[in-house]
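# Commentary on secondary and tertiary structure
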Amino acid sequence: MSHMEDVDIEKTMAKAARAAAIFSQLDQEHTDRIVRAVYEAGFKNRVRLAKMAHEETGIGKWQDKVLKNVIATQLVYEDIKDEKTVGIISEDRQRGIVEIAQPLGPIFAIIPVTNPTSTTLFKILISLKTRNPLIIRPHRNAAGCSSETARICYEAALKEDAPEDCIQWVGEMSRAQTQSMMGHKHLALVLATGGPGLVQAAYSSGTPAIGVGAGNVPVFIDKSADIPFAVEQILLSKTFDNGTVCASEQALVVEQSIASDVVAAMQAQKAYFLSAEESARLEPVVFDRDKGNMMASIVGKSAVEIAGRANIEVPEDTRLLVTPQTGVGDAYPLSSEILAPVLAFYKADNFTHAVNLCIDLNFHGGIGHTASIYANDEDVIRQFALLMNAGRIVVNTPSSQGGVGGIFNTLRPSFTLGCGTGGKNITTDNITAKHLLNIQRIARRRVNDRFVRFDSRLYFDESLDAGAIEGLFNRNL
Amino acid sequence: MVQFVEKSGRLVCVFGGRMDTVTSTEMEDEVCKQAQGTTLPVAFDLEGVDYVTSMFLRVCMRVVKDVGKERFSIIHVHPAVKKVFKIAGFDREMNIE
């Protein structure tokens, strides 16, 4: 039994190390059979797990969590199933380079409360595909559904003769235990999807880590955009699972000249525009000024429920609360990331002002994550993209689903979105199986003829500068 | 290169073109002299500026030091230049409108 109430780190790591050893013998065909079986088991349970997640956490909508589970199984499986991840994966005879894929070793996977079953399914699939044993650490408020997800996957894997303990899941861990696990000498990687504190702890552990950064996604509707379409897509995205996706829109920026059209289109989509007084009442309900971040209690709650907590009367069918803002930064708490159906709204004087606002929003807690634009003018799209610091700039696309990839674009489907160095991550990629491999390279002898022919004594002649050396080095004989 | 005008109760330094090392060095002393010689708030108008070097950032820092953060602002900045100030962390050192 891989479930431990009292986490014994040494025992867990010893089991993981043994699983890694057995895993290293598996060939591609056997590995793929295990992945297929796990995908099918996860997919089969997509609705039950979604309902479990919703009931246990009270976050989001179970119907949307079903779709998240579908992305994490069907779309992720489709994306990785034909990838070579075992043994020789490429051979370039001309360059004399052969690449060999090797597993990393045991991975410690931290699971967020916002996507407790989908992120578990996703991390299990990409880890098994790369023959890495996985230790799942669920969020304390979602331990039941994440553990059940892991159990289902583990049973399916064992039926295909996967290594014993290739998937383990642990009970509640203290901060010290988590740190001890992350720094364990037998651990190969921490796959940290969670809050900034946890990700920082992962990076400080001394074990290689792939983390994520926080988001604060600006979305800009340009004059050239199809406004009703853009608004429909933004509502689809920002209300998806009640706004729990870190790539969801946080602030909408439009030019003054189209603002009234956008407002009308949003109201037609059941967005409720708050007055200044209502925004002031909303702020302490959704944002903790002392801590400088969103209130955990409103994450993934519906617009109507949040409005109720702020004593704001809204129509029963309200889908989104929109709060007009005039500035960005600590003095404007509602310009920060709020993982709920609450959207800041800005009117800009012109394009330059609009892009400046988006830069401010992007740098206010969301560096490296995602930015969004609706436009039909290629120049505008390029200008915008060049000025954002975002791993993903999604175009005419709902950013929640667009950032995750696989539905509205060809980004690799992922529940761990790299945010680059701005987000303190090593990559801006959507993390997937390829990031969980050590690639060995056989380098055959391919002599650089120019170097061999070149009279190396010339390097000692200090009168020859780089240009002179290059000329001689590259001269045809 | 740079023009000085009093507008809306502040000394506005209007720059134009590329604020490269040579240009920034040439006007540094004059800009600082003007800033030190006024009791008005000072604003750098960058509407006509599409490129800045570290020398121009140095001029900004000198003026902030001379007149104080609360009396200095950067206005009408283009997004490409704004991004430079953001990356450099200057948005914490000075007011960028």
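Residues numbered from 1 in each chain as written. Chains lettered and ligands numbered in written order. Predicted model: local features only at pLDDT ≥ 70, side-chain atom pairs only at ≥ 80, totals over all residues.

## A short note on the overall build of chain B
Check the secondary structure of chain B and you find three helices and five strands. Once the C-alpha set of chain B is aligned to its principal axes, its extents read approximately 30 × 25 × 20 Å. For chain B, the residues scored as buried account for 31% of the 97 residues in total. (Helix = DSSP H or I, 4+ residues; strand = E, 2+ residues; numbered from the N terminus. Buried ≥ 20, exposed ≤ 12 C-beta atoms within 10 Å, placed from the backbone.)

## Notes on the overall build of chain A
Across its full length, chain A holds 17 helices and 18 strands. Since a compact globule built from 477 residues should have a radius of gyration of about 23 Å, the 25 Å found for chain A is in line with a globular shape. Along the longest, intermediate and shortest principal axes, the C-alpha atoms of chain A span 75 × 65 × 35 Å. Expressed as a percentage of the 477 residues in chain A, the buried residues total 53%. Excluding contacts between residues fewer than 6 apart, the proportion of contacts in chain A whose partners are at least 24 apart in sequence is 73%. (Rg over C-alpha atoms; globule rule 2.2 N^0.38 Å. Contact = placed C-beta atoms within 7 Å.)

## Some remarks on the sheet that holds strand β14 (residues 320-324) of chain A
Two pairing modes exist for strands in a sheet, parallel and antiparallel, and in both the strands are linked by backbone hydrogen bonds. All names here are of chain A. Spatially, seven strands are ordered β11-β14-β15-β10-β9-β16-β17 in an open sheet, and the strand pairing comes out parallel. The open sheet has two edge strands with one neighbour each: β11 (271-273) and β17 (390-395). Across the sheet, the axes of successive neighbouring strands diverge by a mean angle of 25°, strand direction being ignored. Bridge count for strand β10 (residues 249-255) against strand β15 (residues 342-348) is five bridges, and the pairing is parallel. Looking at β15, one finds that Leu252 is bridged to Phe345. Packing of helix α10 (residues 256-268) onto the sheet brings it into contact with β9 (217-221), β10, β11, β14 and β15, and relative to β10 it is tilted by some 135°. (Pairing = 2+ DSSP bridges. Axes fitted to C-alpha atoms, helices over the stretch in contact; angles between N-to-C directions.)

## A look at the domain arrangement of chain A
Residues and elements named next belong to chain A. One can read the domain layout of chain A as domain 1 (3-212 + 431-438) and domain 2 (217-409). Centre-to-centre, using C-alpha coordinates, domain 1 lies 32 Å away from domain 2. Of the residues lining the interface, ten residues belong to domain 1; the matching set on domain 2 comes to nine residues. (Domains from an automatic or database assignment.)

## Things to note about the pairing of strand β5 (residues 134-137) of chain A
All names here are of chain A. The alternating pattern of β5 places Leu134 and Ile136 on one face and Ile135 and Arg137 on the opposite face, and all of these are buried. With four bridges joining them, strand β4 (residues 107-110) and β5 adopt parallel strand pairing. Each bridged residue has a counterpart across the sheet, and for Ile107 the counterpart in β5 is Leu134. As for the winding sense of the linkage, the β-α-β connection from β4 through helix α5 (residues 118-129) to β5 is right-handed. Direction of pairing for β5 relative to strand β6 (residues 167-170): parallel, over a ladder of three bridges. Note on β6: the bridge partner recorded for Leu134 is Ile167. Handedness of the crossover joining β5 and β6 through helix α6 (residues 143-159): right-handed. (Right-handed = clockwise from strand over helix to strand, strands pointing away.)

## A word on the pairing of strand β1 (residues 2-7) of chain B
Residues and elements named next belong to chain B. Buried residues are scarce in β1, accounting for zero of its six residues. Relative to strand β2 (residues 10-19), β1 runs antiparallel, the two being bridged by six bridges. Bridge pairing in β2 places Val5 opposite Val12. With antiparallel pairing between neighbouring strands as the criterion, β1 and β2 make up a hairpin whose turn holds two residues, including Ser8 at a positive phi of roughly 50°.

## As for the interface of chain A and chain B
Across the contact, six residues belong to chain A and six residues belong to chain B. The class makeup of the residues in the side of chain A that touches chain B is four nonpolar, two polar and no charged. (Nonpolar A, V, L, I, M, F, W, Y, C, P; charged D, E, K, R; others polar.)

## Describing helix α1 (residues 21-36) of chain B
All names here are of chain B. Over its 16 residues, α1 runs 22 Å from end to end, which matches the ideal 22 Å to within 8%, given 1.5 Å per residue. Along α1, the sharpest kink reaches roughly 40°, centred on Glu28. If you check which residues of α1 are buried, you get Thr23, Ser24, Val31 and Ala35. At its buried positions, α1 is contacted by β1, β2, β3 (42-52) and α2 (54-67). (Expected span 1.5 Å × (residues − 1). Bend = angle between axes of the 7 residues up to and from the residue.)

## Looking at the environment of Leu40 of chain B
Residues and elements named next belong to chain B. Inspection of the secondary structure puts Leu40 in the loop between α1 and β3. Note: C-alpha distance between Leu40 and Val63 (23 residues apart in sequence) is 13 Å. Ignoring sequence-local partners within four residues, the contact set of Leu40 consists of Glu6, Gly9, Arg10 and Leu11.

## What to know about the environment of Thr120 of chain A
All names here are of chain A. Inspection of the secondary structure assignment puts Thr120 in helix α5. Put simply, Thr120 and Ile407 are 287 residues apart on the chain and 20 Å apart in space, counted from C-alpha to C-alpha. Leave out the neighbours within four places in its chain, and Thr120 touches Ile111, Ile136, Ser146, Thr149 and Ala150.

## Some details on the packing of α5 of chain A against α6 of chain A
Residue and element names in this part refer to chain A. Running from amino to carboxyl end, α5 crosses α6 at an angle of 30°, the nearest separation of the two axes being 9 Å. Taken together, α5 and α6 sit at an angle that is classed as roughly parallel. In the packing of α5 onto α6, the handedness of the crossing is right-handed. Here Thr120, Leu121, Ile124 and Leu128 of α5 lie close against α6, whose contacting residues are Ser146, Thr149, Ala150, Cys153 and Ala157. Of the residues in the contact of α5 with α6, the class split is six nonpolar, three polar and no charged. (Parallel < 35°, antiparallel > 145°, perpendicular 65-115°, else oblique. Left-handed = near helix turned anticlockwise from the far one by under 90°.)

## Topic: helix α4 (residues 62-80) of chain A
Residue and element names in this part refer to chain A. Given a rise of 1.5 Å per residue, 19 residues ought to cover 27 Å, and the 26 Å separating the end C-alpha atoms of α4 matches this to within 8%. A maximum bend of about 30° is found in α4 at Ile71. Among all positions of α4, only Lys65, Val66, Lys68, Asn69, Val70, Ile71, Ala72, Thr73, Val76, Tyr77, Asp79 and Ile80 are buried. Elements in contact with the buried residues of α4: α2 (28-44), α3 (46-57), α5 and α15 (399-404).

## Some details on unusual backbone geometry
All names here are of chain A. With a phi close to 65°, Asp161 is a non-glycine residue in the positive phi region. Given 13 C-beta atoms within a 10 Å radius, Asp161 is considered partly exposed. One non-glycine residue, Lys270, adopts positive backbone phi at about 70°. The partly exposed category is assigned to Lys270, around which 16 C-beta atoms lie within 10 Å.

## Considering the nonpolar core
In globular proteins that are soluble, nonpolar side chains generally tend to be buried together. Ranked by internal contacts, the top residues of the largest apolar core, which has 142 residues, are Val38, Phe108, Leu125, Ala157, Leu321 and Cys358 of chain A. Ranked by residues supplied to this core, first place goes to α6 of chain A with eight residues. In terms of domain composition, this core takes at least three residues from each of domain 1 (3-212 + 431-438) and domain 2 (217-409) of chain A. Val31, Phe56, Phe85 and Ile96 of chain B belong to the second-largest nonpolar core, a separate cluster that totals 23 residues. (Core = buried A, V, L, I, M, F, W, Y, C linked by C-beta atoms within 7 Å.)

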